[in-house]
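# Secondary and tertiary structure notes
So the chains spell out like this:
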Amino acid sequence: MRKVLDALQIFGKSFMGPVVLLPIVGLIIAIGNILANGNLAEYLPVLQNSFIQSIGKMLSGSSLSIFGNLALIFAVGIPIGLAKKDKAYAGLSALFTFIVFIHAMNVALKLQNALVSTEDMAFQGQGMVLGVQVPEMGVFSGILVGTLVGILHNKYSSISFKGFLDFYSGHRFVVILSIPLAILIGFAMTYIWPYAQTGINGLAGVIKTTGPFGVFLYGFLERALIPTGLHHLVYTPFLYTELGGTVEVGGHVYNGARNIFFAELADPNVKQLSDTIIWDTKGLSKMFGLVGAALAMYVCADKKKKDAAKAILLPAAITSFLLGITEPLEFSFLFTAPLLFGVHAVLAGLGMMTLSLLNVHAVAGSGIIDFVLYNIPLGLEKSNWLTFLAVGISMTTIYFFIFRFLILKLNLATPGREKEEEIKLYTKEDYKSKVKTKDTKDTPAYVSSTNSSLGNRIVDALGGEDNLKSVENCITRLRVEVEDISKINESALKSTGSQGVIKSGNNVQVVYGLNVSKVREQVDQVLQ
C-alpha cells in the first residue's frame, strides 16, 4: 500500500504543471469576456467601444483554444513533471510520441473502415485532435502518452551504447522505444476505447443517478485527501474529462466541467451555464467555510493568547478567502483535532451538495478573486452567483458555530488554546508521528553549519545532495523524492520558513506557501 501511495503521489504531482497554468488562461478568457460583454456597457460606458470589444473577443476566443487541446498539454506536461532529469527532452519526446499516437489511431480507423462523418462524430465517440479524426479520448490520451514517455524517460534516458550505436543513446533511445509503442497502443485503443467510453459513461451515470449524494461524496473526498496530496486525482478527471460532463458549444464538443465552463463563458449565445459546473464549486469551503472556522478558533482562544492567535489565523484565513490556499488552517485541524478536519471534509461535501440542489451554476474552484472575475460579468441569470454567495455566508455561520461548539465542548487545543506557551500551526507529520519537534542540538552531522544560503540550508536539511532523487514543486509545496527518509531534519526545514513537512514513504512535501517557486529556484541552483 505504501508503494502504491508513493506512486500515486508522484503521478499526482506530474499533473501540477498543466493544472497550475490553466487557471491563468481561464483568467485571460474571463477578462476578454468582460471587455466583450455588451451587457456591462451601462455600468462601464468604455465597453461600448467596438475596438475594446474586439480586443475582448480576441482574448477570449484565441485563449479558448488551449482548452480544446488539453490532450497535447497533458501529454507534454506530465513527462516534464515525472522526469528526474533532462525535463526538456522528456517534453519534446512526448510531443513526438503524441503526434505519432493520434495518427496511428487515425490510420487504424481507416483500415477498419470505422471513420464516421463529421456530423456523426460526437454521437459515435470520435473527435478531432490537431486536425486528425480519432476516438474521442479527451485528456486521457494525453495522460496515457505522457505517463508512458515519463516512465520510459526515467528508465532509459541514461542508457549508453558503444561504437556507432552511441548516437542512439540517452533520450534518443527513449524516442526509439516510445514511437513504436505509441503505434501499437494507438492501434489497440481503437478497439479498447469504445468499451472504456461505455465504462466512463457508466461511472458518470452512477454519480448522476446518486444525485446530490454523488456531489457530496466528490466534495468530501476532494477535501479529505488534502493531507496525502492525492486530491488532484479526484478533481482533475471531473474538470477535464467526460466524467465531468459533455456539452456541445458553438458546434464543438467539450468534455469536463472546466472546459465546458470556459467554452460557455466565451460564447455569447449561451444563456444558461450547464449543470456540469457543480464539479468546479469546491472553492465554497475555501472562501467561506474556513473563514468561519478561523473565526471560531480566534473566539475560543485564551484571552492572553488572542493577539498571537489572531496573528496566525487572520493571514491564513485571508489567504484561503482570496486565493483558495487552505493548507495552513487544514493542517492545524489535522494535528490538534482530527475530528475538526473530518467535520470540515463533511461540511465541504454538504456545501457542494446544497449548491447542486439549488441549481447554482457559478464556478468557484479557488478564492474570491477568481470567483469575481469568472462570474460577476456573466450576470445573475447565467451563473446564479448571488445564490452561491448566500450559501457561502451560511457556510461561514455553520462552520463557526460547529467549530466553536466542538472546540469548547471537547476542549480542543486549537491555536490560542495550547498548553505550551508557543502558538503555532501544526503539520500533517506532527499529527502522524505524534512526536515533539526535535531540538536544534539534535541536528545530524550531515547538516552543515557552513552552508548559509537558503538553498544550501534546505538541501542539507533534506539529507544532502546525495539523498535527493528529484525535486519538484506545486502551488504551495516543495515535493521531493529522497533515498533515505530518516535523514530529513524537520527542525532545520522549519527554520528555512517551512510551514509544515509531510512524509510518505520516500516522498517528502515541504509547505512554503505561494513563494515556493522562489524556494525551488534556490534549491535548483545548489543542485546544478
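It is worth spelling out the nonpolar core at this point. Judged by nonpolar contacts, the single largest core of 75 residues is most densely connected at F261 and F388. Once you skip the residues sitting within four places of it in the chain, F261 turns out to touch L273, I277, V363, Y374 and L378. In this structure, L468, I488, A492 and V516 belong to the second largest nonpolar core, which totals 20 residues.

Applying the stated criterion across every chain, the model contains 13 aromatic pairs. Three or more aromatic residues joined by ring pairs form one cluster here, namely F288, F321, F371 and F388. We note K306 situated over the ring of Y298; from NZ or CZ to the ring centre the distance is 4.8 Å.

Before going further, it helps to examine the side chain of S63. Within the secondary structure, S63 sits in helix α3 (residues 50–63). Overall, the relative accessible area of 12% leaves S63 in the buried class. At 2.7 Å, the side chain of S63 and the backbone oxygen of L59 are in polar contact.

Here we take up a negative patch on the surface. Taken together, the side chains of E465, D466, E483 and D484 present a region of like negative charge at the surface. Mapped onto the fold, D466 is located in the loop between α19 (454–461) and β5 (468–473). Under the relative-accessibility criterion, D466 is labelled exposed at 78%.

Turning to helix α12 (residues 306–323), a few remarks are in order. Every α-helical turn comprises 3.6 residues, leaving residues that sit three or four positions apart pointing alike. The terminal C-alpha atoms of α12, which comprises 18 residues, lie 25 Å apart, in line with the 26 Å expected from a rise of 1.5 Å per residue. Among the residues trailing α12, G324 stands out with phi positive, at a value near 80 degrees.

With that out of the way, let us pick up helix α11 (residues 283–300). With 18 residues, α11 extends 25 Å from end C-alpha to end C-alpha; this agrees with the ideal 26 Å at 1.5 Å per step. Where α11 bends most, the angle comes to about 35 degrees, and this point is G289. Taken across its 18 residues, α11 has 14 buried, putting it largely inside the fold.

What follows is about the packing of α11 against helix α14 (residues 338–357). Think of two packed helices as two axes; the pair is described by the angle between the axes and how far apart they sit. Where α11 meets α14, the axes come as close as 10 Å, and the angle between the chain directions of the two elements is 120 degrees. Considering their axes alone, α11 and α14 lie oblique with respect to each other. As for the relative orientation of α11 and α14, their crossing is right-handed in sense. Counted together, L284, S285 and L290 of α11 and H344, A348, G351, M352 and L355 of α14 form the full contact between these two elements.

This brings us to unusual backbone geometry. For N113, which is not a glycine, the phi torsion comes out positive at approximately 55 degrees. Residue L130 is not a glycine yet carries a positive backbone phi of 55 degrees. Summarising the element assignment, L130 is placed in the loop between β1 (126–129) and β2 (132–135). The exposure class of L130 is partly exposed, given its relative accessible area of 41%.

Definitions and limits used
Residues numbered from 1 in each chain as written. Predicted model: local features only at pLDDT ≥ 70, side-chain atom pairs only at ≥ 80, totals over all residues. Heavy atoms only, no water. Core = buried A, V, L, I, M, F, W, Y, C linked by side-chain atoms within 4.5 Å. Buried < 20%, exposed > 50% of the residue type's maximum accessible area, 1.4 Å probe, protein only. Contact = heavy atoms within 4.5 Å. Phe/Tyr/Trp six-rings, centres within 6.5 Å; stacked < 30°, edge-to-face > 60°. Lys NZ or Arg CZ within 6 Å of the ring centre and 35° of its normal. Helix = DSSP H or I, 4+ residues; strand = E, 2+ residues; numbered from the N terminus. Polar contact = N/O pair within 3.5 Å; in protein donor to acceptor, adjacent residues only side chain to side chain. Patch = residues over 30% accessible without salt bridge, like charges linked within 9 Å, V, L, I, M, F, W, Y side chains within 5 Å. Areas by Shrake-Rupley, 256 points an atom, 1.4 Å probe, with all protein chains shown as cover. Salt bridge = Lys/Arg side-chain N within 4 Å of Asp/Glu carboxyl O. Lys, Arg positive; Asp, Glu negative; His and termini not counted. Charge placed at Lys NZ, Arg CZ, Asp CG, Glu CD. Expected span 1.5 Å × (residues − 1). Bend = angle between axes of the 7 residues up to and from the residue. Axes fitted to C-alpha atoms, helices over the stretch in contact; angles between N-to-C directions. Parallel < 35°, antiparallel > 145°, perpendicular 65-115°, else oblique. Left-handed = near helix turned anticlockwise from the far one by under 90°.

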